[in-house]
Amino acid sequence: KTRVGILISGRGSNMQALIRAAEAADYPAGIALVISNRADAVGLDIARQHGVPALAIPGRDFGADRAAHEAAIDAALRDAGCEIVCLAGYMRLLTPFLVHNWAGKMLNIHPSLLPAYPGLDTHARALAAGAKIHGCTVHLVTETVDDGPILAQAAVPVLPGDTEQSLAARVLAQEHRIYPAALASLTGAAAVPADRGISLINPCV
Ligand code: GAR
């Protein structure tokens with residue numbers, strides 16, 4: 001199995017979806033390590049309950065030295081033999097150091113149909129715009145935030161009476177489907193060139 005590291009900052013539900021998928025004998029990836037930049041991330045406990053090694057490498061331990069923080073993360077990933085990195089609700093901006101070290105081998109999940117709504121508060125912004133379709137995207141990470149070749153997307157309807165919470169829940173259910181599928185599509189193969197994505201799924205539910 002291809003060894004995968006997951007970076008989180010909080011709840012870790014996408015991380016858990018990846019761990020659960022990887023527990024299947026026929027899934028091509030195994031989760032070797034989970035790292036959180038916050039010591040209080042609930043996801044760390046969930047990972048350990050699944051028997052996955054989980055480390056906190058808090059950004060605040062490094063003060064303003066983002067390079068040193070990322071060097072520590074990079075070293076931990078390499079020590080664990082990781083070949084691919086999945087960002088799963090990792091809410092700290094990356095510097096080019098980590099992005100370049102893992103070019104073509106680092107994935108992110110974002111709660112919108114990119115290139116619509118990069119950044120924060122995607123569900124509120126979709127509702128405010130009157131969007132009728134919303135969704136989520138798995139993409140390769142490049143230096144630009146929430147940008148990069150798209151590997152998988154899922155669309156959901158925006159329904160009358162939706163709140164930010166109800167829309168977020170509908171999207172999150174799809175995140176948990178497409179992230180394991182997109183990771184499986186990458187593993188086993190050599191690093192995907194940064195300019196070539198894989199078009200995967202589009203289940204409009
Ligand atoms: C997910 O909805 C993920 O798409 C989003 O944060 C949430 C994390 O939830 N990520 C971003 O907004 C990154 N730009 P989780 O910790 O339960 O997976």
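Everything below is about the structure shown above.
Residues numbered from 1 in each chain as written. Predicted model: local features only at pLDDT ≥ 70, side-chain atom pairs only at ≥ 80, totals over all residues. Heavy atoms only, no water.

Draft legend 1. View of the overall build of the protein chain. Helices and strands together make up the secondary structure of the protein chain, namely 6 helices and 7 strands. For the protein chain, the N- to C-terminal ordering of α and β elements is β-α-β-α-β-α-β-α-β-α-β-β-α. Here the protein chain has a C-alpha radius of gyration of 16 Å; the compact-globule value for 205 residues is 17 Å, and the two agree. With the C-alpha coordinates aligned to their principal axes, the bounding extent of the protein chain is approximately 50 × 40 × 35 Å. Within the protein chain, buried positions represent 49% of all 205 residues. In the protein chain, once contacts between residues fewer than 6 apart in sequence are set aside, the share between residues at least 24 apart is 63%. Entry remark: accessible area of the protein chain is about 9,300 Å², with carbon and sulfur atoms responsible for 56%. If the 16 positive side-chain charges of the protein chain are averaged to one point and the 18 negative ones to another, these points end up 4 Å apart. (Helix = DSSP H or I, 4+ residues; strand = E, 2+ residues; numbered from the N terminus. Rg over C-alpha atoms; globule rule 2.2 N^0.38 Å. Buried < 20%, exposed > 50% of the residue type's maximum accessible area, 1.4 Å probe, protein only. Contact = heavy atoms within 4.5 Å. Areas by Shrake-Rupley, 256 points an atom, 1.4 Å probe, with all protein chains shown as cover. Lys, Arg positive; Asp, Glu negative; His and termini not counted. Charge placed at Lys NZ, Arg CZ, Asp CG, Glu CD.)

Draft legend 2. Inspection of the site of the ligand at higher detail. Every residue near the ligand is listed here: Arg11, Gly12, Ser13, Asn14, Gly89, Met91, Ile109, His110, Pro111, Asp146, Leu172 and Glu175. Here an oxygen atom of the ligand and a side-chain polar atom of Arg11 are 2.5 Å apart. For the ligand, whose unbound accessible area comes to 450 Å², protein coverage reaches 87%. Elements that contribute at least two residues to the shell around the ligand include exactly helix 1 (13-22), strand 5 (106-110) and helix 6 (164-186). Classifying every residue of the shell around the ligand by side-chain character gives 4 nonpolar, 5 polar and 3 charged. (Near = heavy atom within 4 Å. Polar contact = N/O pair within 3.5 Å; in protein donor to acceptor, adjacent residues only side chain to side chain. Nonpolar A, V, L, I, M, F, W, Y, C, P; charged D, E, K, R; others polar.)

Draft legend 3. Representation of the sheet that holds strand 1 (residues 2-8). Within the open sheet, the 7 strands sit side by side as 3-2-1-4-5-6-7. Their pairing is mixed. In this open sheet, the two strands that pair with only one neighbour each are strand 3 (54-56) and strand 7 (150-157). Pairs of neighbouring strands in the sheet enclose a mean axial angle of 20°, with direction left out of account. Of the strand pairs in this sheet, strand 1 and strand 2 (residues 29-36) are connected by 7 bridges, and their pairing is parallel. For Leu7, the partnering residue across the bridge sits in strand 2 and is Ile35. Set on the sheet, helix 6 makes contact with strand 1, strand 2, strand 4 (84-87), strand 5, strand 6 (133-140) and strand 7; between it and strand 7 the angle comes to about 155°. (Pairing = 2+ DSSP bridges. Axes fitted to C-alpha atoms, helices over the stretch in contact; angles between N-to-C directions.)

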